[in-house]
Amino acid sequence: MKKLHLYLIAILIVASVAAQKKNSSIKAFKKEVRENVLAKSKMAQVIVDKVFSFSELGFQEIETSKYLTEILKNNGFEIEYGISGVPTAWWAKWGSGKPVIAIGNDIDCIPKASQKPGVAYHDPIVQGAPGHGEGHNSGTPLNIVAVLADKEIMARENIQGTLVIWPGVAEEQLGTKAYYTRDGYFDEVDLCIFMHVSNNLGVSYGPASGTGMISVEYTFSGESAHSAGAPWRTKSAADAVELTNIGWQYNREHLHPLGRSHAVITDGGDQPSVVPSKASIWYYFREITYPKIMQMYERANEVAAGAALMTQTTLSSKILGSAWPRHFNKIIAETMYENILQVELPEWSDDDQNLAKAVQKKVNAPSEIDGLAVALYPIGLPITEPKSGGSDDIGDISWKMPSVTLRYPSNIPGLQGHHWSNAMAMATPIAHKGVISGAQLEAMTLLDFLLKPKLVSQAWNYFDEE
Ligand SMILES: [Zn+2]
């Protein structure tokens, strides 16, 4: 009996020495990976600026995807092009075995947001052209640098695991993540870490603020004729679009304040002399739960059908995008937040702060905001009161597997979003420093999940129970 006791004590000592050794090696690897990221600062800057220069709209990210996949291919990634039938989408994989961690970021830009970087007044590079007025040029460079920094250690130390980098194509149209999910790209993935540009380092868990949504285009077909010669012989599709809009405006008054709905007329006809035989209007319907999104969508379908009846036109509709409300994983968020406390915010220069303050003044930012972030936020807790706002189709992925969105400080606080002012910092040292902080943090968090398999199962327990 005594022998057995001694034997058990010996096992416990060996196990605790092994655990201590493991913890100290994780700590050493994290220190090393931060240095690896720092050594790639120039590379990060070049990729961020180059993607900024492409500024391609959703589904048109041709040069962006060509350039990014080329870098990944040259670094040993295996690439599947055109995933889910989307020409500019791809799935880049390196490593082997479990865990499989998918790392994503959006790559599209904003219409008419062209802007010279570092200039604190509206000065487009190309008048009327798209620009990175959302900052989506910075996240994939961040992911590439983080993964390459980890890869050096993984290869040397024979650390098992598969890292996948993938792009959110046409995020502004909520256009692709539901398709990737439906087509099974995430079936074998254990965790998803998603990046989004922001003005601080942050992560949250549980239900997030914001909405889910459905994006729908209604198209009406009628009969054209000479507008002056025989207007009585026409059925105007443009009238149907206008009547749909009028009907929906009356409904808007009765929406719950958590709902949001907006539209653009994508085809209003060609010339005044020809009564339009075709016309289209494109809506986003946003709400905080799936049933409420569908309720709004069904009501709008009735309004559009009513407009077709009034104008004797025919109606067709097409769903162009969708996003579920988001729900993030506590275990990944807490692990990441521990690393956030170690990485801290970048050191901003006077030039960085002066640019930020000038831009904030230019766009009348809220008066309590002054310059770039110098203090971290606490970890984001599950919202207790639903709060409306934007959507992101990362929501679809967050219901498929443990996921979080890491926000990193590559942009200026207090801007309105989807605007040329949001492009001003995105190819300057502000963006570059934010990317380096974010990449260090991501590389450290990846090491946590690669080296501590228990964390992966804890993340799944939270996912299954919540
Ligand atoms: Zn975005």
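Once a new chain begins, its residue numbering starts again from 1 and follows that chain's sequence as written. This being a predicted model, a pLDDT of at least 70 is required before a residue's local features are given, and a value of 80 or more before pairs of side-chain atoms are given or counted; all residues contribute to the totals for chains, interfaces and linings.

Below, the discussion takes up the environment of Ile165. Inspection of the secondary structure puts Ile165 in strand β4 (residues 161-168). For Ile165 and Ile144, which are 21 residues apart along the polypeptide, the C-alpha to C-alpha distance reads 7.7 Å. Strands are runs of DSSP state E lasting at least two residues, helices are runs of H or I lasting at least four, and both sets are numbered from the N terminus onward.

The amide bond that connects Lys98 to the next residue, Pro99, takes the cis arrangement and shows omega of -5 degrees. Note that Pro99 resides in the loop between β2 (90-96) and β3 (100-106). Despite not being glycine, Phe59 has its phi angle at roughly 70 degrees, a positive value. When you line up the elements, Phe59 lands in the loop between α2 (41-54) and α3 (62-74). Of the residues examined, Phe59 has 16 C-beta atoms within 10 Å and is grouped as partly exposed. Phi is positive for Ala170, which is not a glycine, with a value near 50 degrees. Its location among the elements puts Ala170 in the loop between β4 and α5 (177-182). Among the residues examined, Ala170 registers 24 C-beta atoms within 10 Å and is labelled buried. Once C-beta atoms are placed from the backbone, each residue is buried if 20 or more other C-beta atoms lie within 10 Å of its own, exposed if 12 or fewer, and partly exposed for counts between those two.

Here we come to the sheet that holds strand β12 (residues 403-409). Sheet architecture is open: six strands sit in the order β1-β2-β4-β3-β5-β12, paired in mixed fashion. At either margin of the open sheet sits one strand with a lone partner, and together these are β1 (78-81) and β12. Averaged over all adjacent pairs, the angle separating strand axes in this sheet is 20 degrees, with direction ignored. When DSSP finds two or more bridges between two strands, those strands count as paired. Bridging between β3 and β4 involves seven bridges; their strand directions are parallel. Residue pairing across strands places Asp106 opposite Gly168, the latter belonging to β4. Every axis in this analysis is a line fitted to C-alpha atoms, fitted for helices over the stretch in contact. Angles between the N-to-C directions lie between 0 and 180 degrees.

What follows is about the domain arrangement of the chain. For the chain, the assigned domains read domain 1 (32-210 + 328-465) and domain 2 (212-323). Taking only C-alpha atoms into account, the centre of domain 1 sits 35 Å from that of domain 2. Contacts between the two partners involve eleven residues from domain 1, matched on the other side by twelve residues from domain 2. Note that domain bounds follow an automatic or database assignment of domains. By the criterion used throughout, residues are in contact when their C-beta atoms, derived from the backbone, lie within 7 Å.

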